[in-house]
Amino acid sequence: MKQFILLLVLIAFVLPVVNAVPDSFVTGPYKVSFDLGLPQDAYSVTKNAPVIDETLGGEKRIEYSVMINNKTGLYRFMTIGIKHLNESNTGAVFTGEMIEEVLASKDSDDPRISGFSSDTRTIDGADGAVASMTLRLEQDNILDGYHAAYMPSFDYRKQTFVEVVSSYPWNEGTLQLLKTIHVELV
């Protein structure tokens, strides 16, 4: 009887670990891995076609992105964007504080956003920042969300910038992704 109870206790501890499986994908020259802490059948991952942009000065930028959509009926999504910046940014080192300022300049002045809060944080072993906010999309449609960014440490030329936008709750996917995301060259 004791062995049976011990077996049940072990199964109870192992099942949550079995359901939450790391995910990975390749987009352009990058491999991205993460673990949302959720079963893989609770969300879908869709890779978007690369977007090539050109500045007024003729420098090109390429953005790779994926969309993570919730499949459990609740409206939740994440976007992971990887931007390869132009040559003029080579060697520019962005501290977590600088990235936090960039997030604030992008998000805090939007009249649809309230409750903006931000802080620096290590993401994927690099200095980064994350912001939380409430976004009013329509009169009665309110969305809590997060915006995080960092420059991965593999890129010694400092031309790669990773952004995460999430409407998943902080403790139900967003924090886990920020703790486990890893971007590398393939």
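Structure: above.
Residues numbered from 1 in each chain as written. Predicted model: local features only at pLDDT ≥ 70, side-chain atom pairs only at ≥ 80, totals over all residues. Heavy atoms only, no water.

Caption draft 1: A look at the overall build of the chain. A tally of regular secondary structure across the chain gives 3 helices and 11 strands. Starting at the N terminus and walking to the C terminus, you meet the elements of the chain as α-β-β-β-β-β-β-α-β-β-β-β-α-β. Restricting the contact set of the chain to residue pairs at least 6 apart, pairs at least 24 apart contribute 50%. (Helix = DSSP H or I, 4+ residues; strand = E, 2+ residues; numbered from the N terminus. Contact = heavy atoms within 4.5 Å.)

Caption draft 2: Region of the structure containing the sheet that holds strand S11 (residues 182–185). Strand order across the open sheet formed by 3 strands is S1-S2-S11, with antiparallel pairing between neighbours. Where the open sheet ends on each side, the last strands, each with one partner, are strand S1 (23–27) and S11. The sheet shows a mean angle of 20° between the axes of neighbouring strands, direction not considered. For S1 and strand S2 (residues 30–34), the ladder comprises 5 bridges, and the chain directions are antiparallel. (Pairing = 2+ DSSP bridges. Axes fitted to C-alpha atoms, helices over the stretch in contact; angles between N-to-C directions.)

Caption draft 3: Broad picture of the side chain of aspartate 35. Tracing the backbone through its elements, the reader meets aspartate 35 in the loop between S2 and strand S3 (43–47). As a buried residue without a salt bridge, aspartate 35 has its nearest oppositely charged side chain in lysine 179, at a separation of 11 Å. At a separation of 2.7 Å, a polar atom in the side chain of aspartate 35 contacts the main-chain amide nitrogen of glycine 37. (Buried < 20%, exposed > 50% of the residue type's maximum accessible area, 1.4 Å probe, protein only. Lys, Arg positive; Asp, Glu negative; His and termini not counted. Salt bridge = Lys/Arg side-chain N within 4 Å of Asp/Glu carboxyl O. Polar contact = N/O pair within 3.5 Å; in protein donor to acceptor, adjacent residues only side chain to side chain.)

Caption draft 4: Summary view of the environment of methionine 151. Positionally, methionine 151 belongs in the loop between strand S9 (142–150) and strand S10 (160–166). Among the residues examined, methionine 151 registers a relative accessible area of 5% and is labelled buried.

Caption draft 5: Fine view of the nonpolar core. If you look at the biggest cluster of nonpolar residues, it comprises 24 residues, and the most contacted ones within it are Val32, Phe34, Ile68, Ile80, Leu177, Ile181 and Val183. Breaking this core down by element, the ones donating at least two residues are S2, strand S5 (60–70), strand S6 (77–84), strand S8 (126–136), S9, S10 and helix H3 (170–180). Ignoring any residue separated from it by four or fewer positions in sequence, one finds valine 32 in contact with Asp23, Ser24, Phe25, Ile80, Ile82, Ile181, His182 and Val183. (Core = buried A, V, L, I, M, F, W, Y, C linked by side-chain atoms within 4.5 Å.)

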